[in-house]
Each structure stands twice: as structure tokens, then as C-alpha cells.
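Below, each chain spelled out in residue letters.
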Amino acid sequence: MKLIIAYVQPERLNAVKQALYEREIYKLSVTNALGCGQQKGYHETYRGADIEVNLLKKVRIEIAVNDSFVEPTIEGIIAGAKTGNIGDGKIFIHSLDECIRIRTGEKGNEAIG
Amino acid sequence: MKLIIAYVQPERLNAVKQALYEREIYKLSVTNALGCGQQKGYHETYRGADIEVNLLKKVRIEIAVNDSFVEPTIEGIIAGAKTGNIGDGKIFIHSLDECIRIRTGEKGNEAIG
Amino acid sequence: MKLIIAYVQPERLNAVKQALYEREIYKLSVTNALGCGQQKGYHETYRGADIEVNLLKKVRIEIAVNDSFVEPTIEGIIAGAKTGNIGDGKIFIHSLDECIRIRTGEKGNEAIG
Amino acid sequence: MRKGKISALILLLLGLSVGFAFAQETEGVDIGSKIEDLQNNLNIVWTAVAAFLVFFMQAGFAMVESGFTRAKNTVNIMMKNLMDFSIGTVVFFLIGFGLMFGATNGFFGTTHFVLAGTNVAGKDWNWTFLIFQTVFAGTSATIVSGAMAERTKFSGYLVYSLFICALIYPVFGSWAWGSLLDGAGWLENIGFTDFAGSTVVHSIGGWLALAGAIVLGPRIGKYTPDGKARAIPGHNIALAALGVFILWFGWFGFNPGSTTVGDGDIGRIAVTTNLAAAAGAIASMFTSWIMSKKPDGSMALNGALAGLVAITAGCANVSPLGSLAIGFLAGILVVFSVYFFDRTLKVDDPVGAVSVHGVCGAFGTLAVGLFATEGGLFYGGGFKLFGIQAVGVLSAFVWAFGLGLTLFFVIKKTIGLRVSAEEELRGLDIGEHGMEAYSGFQIFTTQ
Amino acid sequence: MRKGKISALILLLLGLSVGFAFAQETEGVDIGSKIEDLQNNLNIVWTAVAAFLVFFMQAGFAMVESGFTRAKNTVNIMMKNLMDFSIGTVVFFLIGFGLMFGATNGFFGTTHFVLAGTNVAGKDWNWTFLIFQTVFAGTSATIVSGAMAERTKFSGYLVYSLFICALIYPVFGSWAWGSLLDGAGWLENIGFTDFAGSTVVHSIGGWLALAGAIVLGPRIGKYTPDGKARAIPGHNIALAALGVFILWFGWFGFNPGSTTVGDGDIGRIAVTTNLAAAAGAIASMFTSWIMSKKPDGSMALNGALAGLVAITAGCANVSPLGSLAIGFLAGILVVFSVYFFDRTLKVDDPVGAVSVHGVCGAFGTLAVGLFATEGGLFYGGGFKLFGIQAVGVLSAFVWAFGLGLTLFFVIKKTIGLRVSAEEELRGLDIGEHGMEAYSGFQIFTTQ
Amino acid sequence: MRKGKISALILLLLGLSVGFAFAQETEGVDIGSKIEDLQNNLNIVWTAVAAFLVFFMQAGFAMVESGFTRAKNTVNIMMKNLMDFSIGTVVFFLIGFGLMFGATNGFFGTTHFVLAGTNVAGKDWNWTFLIFQTVFAGTSATIVSGAMAERTKFSGYLVYSLFICALIYPVFGSWAWGSLLDGAGWLENIGFTDFAGSTVVHSIGGWLALAGAIVLGPRIGKYTPDGKARAIPGHNIALAALGVFILWFGWFGFNPGSTTVGDGDIGRIAVTTNLAAAAGAIASMFTSWIMSKKPDGSMALNGALAGLVAITAGCANVSPLGSLAIGFLAGILVVFSVYFFDRTLKVDDPVGAVSVHGVCGAFGTLAVGLFATEGGLFYGGGFKLFGIQAVGVLSAFVWAFGLGLTLFFVIKKTIGLRVSAEEELRGLDIGEHGMEAYSGFQIFTTQ
Ligand SMILES: Nc1ncnc2c1ncn2[C@@H]1O[C@H](COP(=O)(O)OP(=O)(O)O)[C@@H](O)[C@H]1O
Ligand SMILES: Nc1ncnc2c1ncn2[C@@H]1O[C@H](COP(=O)(O)OP(=O)(O)O)[C@@H](O)[C@H]1O
Ligand SMILES: Nc1ncnc2c1ncn2[C@@H]1O[C@H](COP(=O)(O)OP(=O)(O)O)[C@@H](O)[C@H]1O
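What counts and what doesn't
Residues numbered from 1 in each chain as written. Chains lettered and ligands numbered in written order. Predicted model: local features only at pLDDT ≥ 70, side-chain atom pairs only at ≥ 80, totals over all residues. Heavy atoms only, no water. Contact = heavy atoms within 4.5 Å. Buried area = accessible area lost by both parts, 1.4 Å probe. Salt bridge = Lys/Arg side-chain N within 4 Å of Asp/Glu carboxyl O. Polar contact = N/O pair within 3.5 Å; in protein donor to acceptor, adjacent residues only side chain to side chain. Helix = DSSP H or I, 4+ residues; strand = E, 2+ residues; numbered from the N terminus. Nonpolar A, V, L, I, M, F, W, Y, C, P; charged D, E, K, R; others polar. Least-squares fit on C-alpha atoms with pLDDT ≥ 70 in both. Near = heavy atom within 4 Å. Areas by Shrake-Rupley, 256 points an atom, 1.4 Å probe, with all protein chains shown as cover. Phe/Tyr/Trp six-rings, centres within 6.5 Å; stacked < 30°, edge-to-face > 60°. Buried < 20%, exposed > 50% of the residue type's maximum accessible area, 1.4 Å probe, protein only.

### Some details on the interface of chain E and chain D
Moving on, step 1. Contact with chain E, which involves 67 residues of that partner, is made by 70 residues of chain D.
Moving on, step 2. Where chain E abuts chain D, roughly 5800 Å² becomes buried across the two surfaces, and 80% of that area is made up of carbon and sulfur atoms.
Moving on, step 3. Applying the counting rule to chain E against chain D returns two salt bridges.
Moving on, step 4. Linking chain E to chain D there are 13 residue pairs in polar contact (both at pLDDT 80 or more).
Moving on, step 5. Elements with a contribution of two residues or more to the side of chain E that touches chain D: α1 (2-67), α7 (237-254), α8 (265-292), α9 (297-314) and α10 (320-344) of chain E.
Moving on, step 6. Per-element accounting of the side of chain E that touches chain D gives the leading share, 18 residues, to α1(E).
Moving on, step 7. When its residues are assigned to classes, the side of chain E that touches chain D shows 45 nonpolar, 16 polar and six charged.

### Side note on the relation of the copies chain E and chain D
Moving on, step 1. With an RMSD of 0.0 Å, chain E superimposes on chain D once it is rotated by 120 degrees and translated 0.0 Å along the axis. Considering both components of the superposition, the chain copies are consistent with a three-fold axis. Looking at the rotation axis and the C-alpha trace of chain E, the residue lying nearest is Gln442(E), at 3.2 Å.

### Some words on the site of ligand 1
Moving on, step 1. Near ligand 1 you find 22 residues, and of these Gln38(A), Gly87(A), Lys90(A), Ser29(C) and Arg101(C) are the closest.
Moving on, step 2. Those chains with residues close to ligand 1 are chains A and C.
Moving on, step 3. Between Cys36(A) and ligand 1, the recorded distance is 3.4 Å, taken from a backbone N or O atom to an oxygen atom.
Moving on, step 4. Protein chains bury 99% of the 560 Å² of accessible surface belonging to ligand 1 in isolation.

### Topic: the packing of aromatic side chains
A ring pair, where both rings are aromatic, is described by two values, the distance of the centres and the angle of the planes.
Residue and element names in this part refer to chain E.
Moving on, step 1. Under the defined criterion, the tally for this structure stands at 117 aromatic pairs over all chains.
Moving on, step 2. Ring centres of Phe107 and Phe108 lie 5.7 Å apart, and the angle between their planes is 65 degrees; this geometry places the pair in the edge-to-face category.
Moving on, step 3. The exposure class of Phe108 is partly exposed, given its relative accessible area of 26%.
Moving on, step 4. An angle of 50 degrees between the planes, with centres 5.4 Å apart, marks the rings of Phe107 and Trp175 as tilted. In this pair, Phe107 is assigned in the loop between α2 (74-101) and α3 (125-147) and Trp175 in helix α4 (residues 154-177), connecting sequence segments 68 residues apart.
Moving on, step 5. Judged by its relative accessible area of 6%, Trp175 is buried.

Here is the structure:
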């Protein structure tokens, strides 16, 4: 089992969800995040004082999947999030030791989907 | 050391905290999350237009524990979060390489609790 | 590759970012979090009724780095976040299997920075 | 000829004089009535403006109530405030106004329904009086929604709001204020003094709110299993503060406007009203500071309202120093009253409506018996007025609380008064209205 | 001597009498004109207060529009509302007022620019009339910003707001209302009745809004690729509700104030206005309840506005029951109109400005032809008035929609009307103004 | 007999005539005084309504100040605004009013404390005048809270607000406005013209705000270690914009209300007031557009207020074009003033209170010397009036800034003026009041 974390542009979230659905990945969790990457942020002035915004609004997606689903998940995220512009985001993957469904107590591969 | 991530219904958070306290797990971190799982979400209309809400409000709990605390933590989360209804949530576990207390610089097992 | 998660006091975020910049770590992601640790929270009354606030505002920083950057990252976080008071926060580290840049499809060490 | 001439002249003079006398007279009458008309027009302008200010209090109530409750129930509170005024407007026009101000059968009015008998295209005073009274009825109605917030079924609330403006408020109103138009009431006949409605408007609303909160029961999570009160903080103190400022502003229509006459009493009543509000805010702030170590913002806001509610009965009858005293006492009283209902009686009233409107309304009405410069106990008037005031206060409680319990109980047993636990947890906005108030905002709904 | 004495006496008497007669006369005249002055002063106070209430509607519009749109465009909406009124104030003073109320050349007024000819330090009625008319012009201007929200280039919007108050609104206004001062218009001459401006103010604004929304096109994401309308929920229903309460409050200046006379008509018009608003809110709530299973909060709010817009034309000419009917019908109409524009015509109007102001304004104007107690179809007046009203409604549509399309098209082709897609996604607040409305708040901007 | 008859007749006539003369006279007197009474009543209604509008500005200030600061200090700002008005109301009644308008000892008034001497149940003008003046004092007091926001100890602020309304404001006020009742002041005696209080109310508040901000020092994080100003964006621009609309609305009571007479001057002053506000908003917007590439929303809002503050002194004395000029210049001035205090002087004034009220108040007062149609430099009046105005402006600065520095310094050394750094970081809402303004909302408090 793997845990896949992706940071994408907020407005791509729906497209990512769509792309994952098409690949039969229905479960995911989302949090609101701010990101600092190659996209440099922007300078503004507020009441004449400089304000440097270098934490840009991002969305953090977390998906736990069985190993066989890792590839489709990555594909799906890229399909939904990629525009070719700086700021498109990143995907991080690490392994998961265990997964438990609270409602039933099921564990492992059965619990994940 | 393990890192335990749990998604639970927001209104169960207090019960989960309570259950963990009883098991002497006092430290945890919480973020606001949206989740998409077996719980299908709901349809509403706003000004006549359809609106499909399939990202439901969840709470994400993150707990770093020593190995001996993994079981009580899981038990505690389940004790607090389980209602038997769809949407109760999931627990994910993976291993942690290191843990550092910023204030003291302590590392590992000593830093975690 | 490692994924470094740090919980720090919100008002230290800028200092942490500063310290990381100095160590040439430019990329990070931030989420809003609530934490429960040694810092006990506080009691207040609202309209005469007791209200126990034990989830304090924290900021969660997530940084994916190549192995050689783990030490500077930890140092930077501590440099920026440490005040010596309870509540300064924690750092958690675990290994990362893969990292992908959505825009280019680059993988691994190349994608991370 | 001479005689004739003189006579003629004299007659001419006589004629002229008499003519003048006539002219003088008609002119005099004419000018007199024109001046009366003018004062009448001035009264209309003043009363209309005051009515508009009182209408604006609806916004104040909506803001205070939503500010002091959770974000997930905001749409519902707005809807309740909008609809209780809307339904109230219609039924008060159709039924309530006649019950309150029509020629009375001893118990309530029986004419003036649908403003019958008033020229439909004219400039009659009745029109202005109707709009003024409508917004008063609407105020009474909207008080209740705060105490019943965050758990009441929307349809049940609509039914309630129909009954208060059609029946409960106007009948009691006819007892105390009927003679303001063509009615008459037993309370005003015995000398009951409630100038702008501490009892008629606020206590009636407050006791209905109490009945509603009792029949409903507390919100999930308000009390621990062992009965300790828990805080459920409001989601937007900025809105709540705005609401209090709006209410204070509107109260300058409520109290001075109740003269319905454009003259110097307006300024005097504005002064007593303002002093009482200020003293109430100060007193509540310091009371909460002493009681809970810090000056509680929500209490200071409630304190200003407590002062306003309390001075409403006596605003025209007490001196400025009297109004300071009334406001100050109300500001202290409201804090202890909130504690009492919340912790001792365990009645869950999220915004303190029962304490502010019910308790402080009753207190303010009784205070007239103490502070009235004419007839008040402290001004040598003895206990007579105080006794009369007590009768009024008591009859309001019996009438409103009794009918309220009945009404809410019947609603509970028929269409239902409370939403499901699941809906309450997720919020009434989604459950009752299918939408969120703060779309896009990240809000913790753990409570 | 006797004779002389008598004569002298008589002459004296005569003199006295005549003297009295004179005194009487001048005194009479004097008193008469003083009374007139007083009524005039009362009219000024009333009209000024009404103007201030109407000004406050600017806040209402700003709140409704921002509440019904997304958080990321809030600063922009506030700025648009602030600037359209500010620019409107200046150009209406310089140009618009003269075009609307100056001595007419048959098509528009040609005097009174910059209030020329009015004593610059005096107490002339013109001053009060100007401020009253300025806030009306500002109302018409600000309607448009809601329909064009969340995608319009700021500079383009500024240009638009210059033209509406300098040209589009005043010229049409001169046709219907010019004779209120020194002008005259063909519409009022044929008997067109629009007491407070359902057509003159609201429909003009509404049809311009329609033109703007069409030329702009829908917001990104409003329609699925296959053309299904998607909901883009507003970010702050508390603000929107506050806005509606403010607008309702302001409307008591808008409608009763349009008498510009301080007398009993104020109360009557306040009653019809209030009843229509209430009926509109009720009707919309129940309509949305039936149509989409739950009482939609945003629709009930729109319904109150629909009732207000609709009664504006006939508020002085219909009976209370007539106003209930008009409000109720408008409340139903607005729901279907929103559906129609949103789903059938696919015009993206985030706040429903076209339906509320354009459609319900037209409906309310036509309803005068049906419900006017004098001349209305339902009161035996036949179709004549209705026909005249239809002419007014139609000419407003042709004028405003036609000029609007042209104006927005020219802006589009020159300085540009719409922001870039990237800016629209990130929000106009950052793109146009370099700031966020809710700094520090965590807000999902996935939509 | 004849003679007798004639004589009798004549006497009769004489009697009649004299009788008429008497009747005429008393009737005449009677009618004259009735008409005067009526105008007096009208003045009362108008002044009272204006006072209520000015009261409502409290809400405006609260919204602007909280909107322009961070979410974590919102409860505190609301409390400060509520309490400074409440405390101000009480002490102004007890002390301030007498100091300002009582019979003067040359330096301040010495009668009228607690409105002594005024019939406690009567309709005296004093009542209306008191409420009108109370809300003015409250305006001056509340200006300061914005400049001292986000770091001031609550108890210290309460002490300050006691002194401004009891002493600082009324004494200066007696110099310029004392003769409005029974006082007299040296400034008005030399011809100082400040119709509605650009200096008396706004500059006094503004200079006190400056003193407060200086004694407090800047907020943590406002300046980088090397002294560069950093932006600390406000948390709720929607509230701030609402506040500005409310203030603009209230200003129609502030300026036209300062006639305290219900006649045509109201309309004229409303026109100049409105034009200046509009011009101010436009000028600030374009200035910020030029200076920082984008039209800054917060600056445009400040600009409207700058125009309003600046026109306050001369609203009754300048022409509409003059008011446009004054508003426009104030709109430009306020931007540079904000920059100057923020970046050059490094005085941290979160909402721009010093620039808007202090600087633009002074500017507006001087502008009377330039633009007054009677006596103004540009209208051929020479430098005399300008010189007098400068004396007034300067004396206000010396008085308010001097006393302010002293007062705040004493508070600092005794009960303390600033909260701890830890409390400031976490927010004053929790530190001072034990609650959050936006419970449940996810808010980044990294700043
Ligand atoms: N090394 C990293 N650690 C944590 N988050 C990262 C890292 N690199 C990128 N991110 C996240 O991904 C987002 C997009 O990164 P960015 O470098 O702008 O993308 P791209 O390389 O596609 O242009 C960032 O805003 C940040 O939230
Ligand atoms: N595979 C997954 N990856 C990420 N988050 C998940 C996954 N499965 C479930 N979740 C999270 O857990 C929540 C509850 O899941 P759900 O399937 O509704 O629970 P249950 O199976 O107990 O009914 C979801 O809303 C989502 O936030
Ligand atoms: N074991 C843990 N699991 C998850 N989060 C933790 C853990 N320990 C600490 N934290 C996070 O770190 C924050 C600071 O912890 P705390 O114990 O107060 O720090 P310190 O030990 O430096 O005083 C907490 O509020 C919480 O968010």
C-alpha cells in the first residue's frame, strides 16, 4: 500500500477528481495548503507598503492506494492537474504500513478502497 | 516510531481526543480536511442550479507514537470515532524515521511523547 | 529522499522560511493545523460557561528533500522556530519513495528541488 | 342726508367691521386648522421615520443572532428573521392590527381588520400608525428566533411566527395600548405604564422565547452528561457587534418614536434611551470582568441591549439620572440572568434573548414604579404604581409563557419543532436550506 | 364742530378699519406664506431624510452582490459599488441632472447643468431635489455591477458607470419624470405612471445589466461543456441578508420619499411597500421550496427585493391588497425568471439583478395598469392605462438594452471588458486591486 | 339723542374695532408663536434624526477599524468602540456638556452639568441639543481607537476614553462652538469657521490618535529590522467597505444636521458633502493607481472618508464646485499622508486615522479660508479668514496632541498602555477578552 500526496493548483481539483474517477479511484482526502515552489509568488502593495506573497494557494490531495493502483493514480493526477505552467505541482509517494476502516475494523488492502 | 493518520467525522473529534487521553496519548495534531469516500455526499440546488457536494467535511488527525503505543492509539481512535455508519473514516499508518523536539533538540523516542 | 513534517508556532513561520532560504531550501508546503502537546492550552469563559481550549493554533510545514538536505532542513527549522518555550513544536521525518513534478513528469531527485 | 350719510357710513363701517369679523373668524379657523395639519404632517414624518428605524432593527436582530451562533446555522437564522417579519407583516395587517387597535369587545379589538374603513387612497393617520405598529409586532416576533436558534425546524418556526403576530402579541397589546387608536384595554385603564413596550413588545417576545427554548431542549453538546454548561461560542462577533449598533440606532425610533408626535419630547427620550444603553454596556462589561476575570465582549453587547430594553417602558417618565440607574441595574441583571438560565435552569438560549428581553423587560417595567418622576416610589409616589406595573408584568408572563408553551407543544406534536440530531450536527443550513452561508471558507464544525 | 367731530371720528374709525383691513391682509398673506414655508421646510426635511435612506441602499447593493459571489472577488465588488456611486455623483451633478430636469428640447433637458442658476448659498428646493435625484441615479448605476460580477475589468466598468449617470439614465428619466422640475417628457405626457421608478430606475439598470452580462459571457465554470448550468454559491449569505435588510430599509426612502411631500401619503406608501416586500419574500420562499425541495435562502432574499422593485411603480396608486398581490406575483416571477436566464438563456447573472430589477421592474410597471385603484384594469379602468404602461416598459427596454449592448461592445473592443482567464481564476481582488478581502482566512478557491 | 345714538354707534364701532384690534393682536401673536413652535418642532425632529444618523457612525467606525486590522483583534476593536461611546455618553452628560456649552468663564463652561436647570420632564431644546452633541463627542472619541488598534491594553483605553469626552474634546469645543448654547469661545469670537467640525471633532480625534500611536509604538512586525514598512493587511474588506458606506450615510446627519434647523440649507449641505466624498474616493483611487500600479481598495475607502472629513468645516460655506475641489484634494492628500506617516515618520496607524481625521481635518478647515464663497481667498476675501483658520487648526493641534502625549504617557507609566508581546502575537481577543471573533474559522495567524 502506498500513500500518495499531491499538491496541485486549486482550480485543477475538479479535473483531478474527474480523472481519478475515470481510473476508478474514488477515495481521497483534500486539505487547503499554501505552497512555495518555482512559482515565485507576487509582489503587491497594500496602502503603499510592500507585501510579498510567496505562499501561494494550493490544494493538498492525499490518496491511499493498493500498489496496483499507484500508476493509475499518478496518471490521473497528472492528467487532471497538468497545464504545463510553473506551479502545476508535485506528487510524493511513500509506503504505507497499514490501513484500517474505522466502521468495520477491516484492515489492509480491503480497507483501502 | 509510527505516524498514524486518521480521517474522522468532525463531530467525533472530541470523543476521539477523550478516548486517546484515557489511553495516555496526549499529543496530536489536527487539520481541517475534505473527504471523498463511500459516503456519497449529497445533491443540493442553489438558485435552481444543481450542486453536487461530494467532498464532505472531515478532520485529519496526525499522531506520532512509539511502537508500543500504536495499538492503544488505533483502539482509541476507533473507540471515539466509530458510529457504525458510512463515513466513519479511516486510519493510515506508516513508519517514522525520526522525531525531533524543537525546543530541546531531543530525538527519537524521547521526543515523541 | 525524505519527507520532513514540522509543526511550529504560527508566528515563527516567517523566521523558519527565512532560515531555510539561507540554507537554500526554497520549496515547502504549509497547512493550518491545531495541536495538542505539552503546551496545555488555556481556560476561558464565554458567557459564564467554561471553555477549554486545548487545541492550539499551529502551522504544519511539509518539505520533501534529497537526503543531503535533511540536516540543513532540520537545522533551519530549529533555527527559525526555537524560542525555548513549551509549544515550539516537533519535527517528524520519514522516507519518501518517489517524487514527481507534474509539469514535466520528472521523477526522483530531479523533481524534488 | 347728513344723517343718512353718517348712518350709511356707520353702516358701511359696521358692515366692514362685521365683514372683517367674519373674515377674521374664518381666516382664524382656517389658519388654526392649517397649523394643526402642519403639526399633523410633522407627526407623520417623524412617526414614519421612526418606524423605518424600528424596521431596521430586524437587521440588527439577524446580525446579533447569527453572530452569537455557529456558522453552520447562519442561513437558517437569516431566513427565520426574514420570514418572521414577512409573515408577521401580512398577518398583522390582516388580523393583528384590528385585534389590537380596533373598537374593543373588552378583551380585544374587533374592527380595522385589513385597515377596513380607511380611505384606500387617502392620507389618513391610520396608515402611518399601521406601519409603525407593524414594525413593533415584527420586533416582538423576531426576539424568539435567537433563543430557539440552531435546532428548530424551519416549518415549525413559520407556524409560530404566524401566531405571534396574528394573535399573541396583538391581544396583549390591546390590553395595554388599545386606546392609542380606537381600542381600550384593562391594563391601561388601571394605569399600567409601558411607554414604548418593555413588556408589551420585549417581555412578550422574551417569555415566548423561554417557552420555545424549554419545549425544544438544549442543543446537542450544550451540557455535559453530568449537567455542566458548556460554551458554544458564536461564530462572528463582528456581525454581533454590528447588530447591536444597528439595534441601538433603531431604538432611537423605538422609544422617541413612540410619542408619535414631532416635538421636544423626542430629544428628552433620546437622551434617557442613550444613557440607559451606555450604562447597561458599562455595567455588563464590569460585571463580567469581575465574574470571569476578563471583560466578555458578548456580555457587554448584551448589556447595551439590556439597558435599552429596560428603559423602554419608562423612557418618557424617568429623569436622566433615573435612566442611568435603570440601565446600570439592567446591565448587571442581564449577566446574572444569563448565568441563571444557562447554568441553574439549564435552559439553552444561545443569544440570551430570554434574559435581555424577558427579564430586563420585566425589570424595566417594574422600574417605572420606582423611578417615574411622577408616581414612582423613589419620588414619593408610594407603592401604587409599582403594584400596577407588577400586575402588567405578571399578566404578560402568564399570557405569553402560557400560550407559548401550548403553541410550541402543539407544533412539536404535529409538524415537529426540532430537526434530527444528524441535521443539527451537520448544520441547519444544509439540512433545511441546502446551502452553506460561507461557501469556500474552511470552518471547523467539530462543535 | 360736531359734524367735524363726528366725521373725524368716523374717519378715524374708517382709518382704523382700513388700517386693520390692511394689517389683516398683510398679516394674512404673511401667515399664509409662513405656513407654506413651513410645509416647504417639512418637505425638505422629509425629502432629505428619504434621500439619505436611498443613499444607504448603496451599502445594501454592495453587501448583496458581494455576499452572492465568491470571496476572491469581494474587494472588486466593493470598489465597483463605491466608484459607480462616486463617479455617478459627479457626472450627474455636471451633466445628468440638467439632461433630466432642465427645460426640455423635447428629447432631453438643456438647462440646470452644474445646478446653474441656483443660488449658490441659498436654501432653494433645487438642492434637496438634486441630492434626492443623485441617489436615484446612483441606484440605477449600481444594479449593473451585480450581473457583471466576478469577471469584469475594473477600468471598463468605470467607463460604463460614467455613461449611465451622465446619459443613459437621465435621458430616459427626462421622458418620464422631467416635469418634476422644469422638464417635460413624452412618456409622462401620455400618462405613463411610474411613481418611484420600477422602470425609470430599476428596469433601466436591469436591462443594462442584461446587456453587460451578455457581452461579457458567463464566468469560467458556470456552464458544463454540454451547457448545463452549475451552481457557484455565494461566499457570505450573512452579508447578503444584511444587504437585503438594508435595501428594504432604504426603500422606505425610495418609495414614500418620492412624494417629496411631508404628509400622510408617506404612511400609506410605506404600508404598500412593506406589504409587497413581505409578500415577495414569502412567495419566493415557497416557490423555491416547491421547485427544489428546500426553501432556498438566496431566493427568499431575492423575493423580498422582487416585491420591492415591483411595487415601486404603483406604490402610491394601488390598495394594500393590490400591493400584496403585486409582491406575491413578483416573488413567484423572480424564481422562474432566474431559472430562465440561468438555465434556458444561459445568461450568467450571479446575483439575479436582471430578474429582480429588469423583469420585476417591468412587471411592476405593467401591474399599475392592472391594480391602480384609478384607471387599473381590475378596477374597471379598461386597458388604456395598461397599454400606456406597456409603451413605457418597452421603450425602457429598447433604450437601455440597445444602448447597453452598444456601450459594452465598444468598451470590449477598446479598453477591454473582461479580465484574463488566469486573473478570473485567481480572483479579481488580487488581479485588479492587489489585495485580498479576507486576509488570513483559509478559503478554498477550487471554484 | 341723535348725537347719543351716533355716539353710541360710534362707540360701539370703536369698541368693536378695538375689540378686533385686540383679538387681532392676540390672535396674531398666538399664530406667530404657534408657527415658531412648529418650526421649532421641525428643527427638533430634524436635529434628532441627524443625531441618530451620527450615532450610527459608531457602527461605521467599528466596521472600518476592524476590517482594516487582523481577525485576532476584532472582539477587542468592537469592545473599544462600544465602550468609548458608552463611557463618553455618560461623562459627556455629567461633565463635558457643561464644560462645552455652559456659561463660560472665558476658558470653558461652568453650568449645565448633568443638564442642571433643564426641566426634567419638559420638551426643552436642550434635550435634543444634548443628544446631538453627545454623538459628536462620541465620534471624536472613537477616531482614536483605529490608530491604536491591535496592541493597546483595554483598561488603558478605557481611561483615555473617559478623558477625551469629559475634558479634551469639550474644552476645545467650547472655544469654537460654545455660543451654540450659552457659552462663548475665543476662537469663534475671532471668526473661526468650522461648521460641522473638521477641526473640532475630527482633527481633535486625529491628533489624539497620533499621540496615542506614537506613545504606543508600532505593532510587532510592522517594520523590518532595517526600518522598512511592512504591510499588515486588514482581515475583512467587506466589513471595512460597509463601514465606509455607514459613515457616509451618517455624515448626512453630521454635516446637514449641524444646521439644527429644518430648512433648505439641509439639501445644499447634503450636496456639498456628497460631492466631496465622491471626489475624495475618485482622487484616492487614481492616486493609489498611479503610485502603486493598482487601484487600492483600502485607499479608495479612505479617500471617501478624507473627502467627508475635509468638507465638514466648509460644507455650508463653499459652492458645489468648491466642495468638489476640496474633496478631490483631500483624496490625493490622504494617500500621501498615509505614506508619509507609515514610511517616513514610521508611525504605525493601522487604519489611517491620523491621515484621514487629523490631516484632512486640518486641510479642510484651512480650505474654508480658500474656498468660502464669503471671505475665502479664491473669492476675493484675502488672507484674513485663512489666517484665522490657521490659528484654529494650530490651536487644535497644540491642545490635542499636547494633552494626548501627556495623557497616554501617564497611562503608560501607571496602568500600562500596551499588552505583552505574547498577547499581541496571539491576539488581543483571547488575551483581553478570552474569546475569538471568528470561532470555528480557520485563520492563519502567522502575522
Ligand atoms: N520539495 C517540496 N516540498 C514540499 N512541497 C513542495 C516541494 N516542491 C514543490 N512543492 C509544492 O508544490 C507546489 C508547486 O511547486 P512548483 O515548484 O511551483 O511546481 P512546478 O515545479 O510544477 O512549477 C508548491 O507550491 C509546493 O506547495
Ligand atoms: N483511500 C483513501 N485515501 C485517502 N483518504 C481516504 C481513503 N479512504 C477514505 N478516506 C478518507 O476517509 C473518509 C471516510 O471514508 P468512507 O469511505 O466514507 O468511510 P467508511 O468506509 O468508514 O464508510 C473519507 O471521506 C476520506 O476523507
Ligand atoms: N506525538 C505527536 N504527534 C503529533 N503531533 C505532535 C506530537 N507531539 C507534538 N505534536 C505537535 O507539536 C506541537 C508542539 O508540541 P509541544 O509538546 O507543545 O512542544 P514542545 O515539546 O516543544 O513544548 C503540538 O501542538 C502538536 O501540534
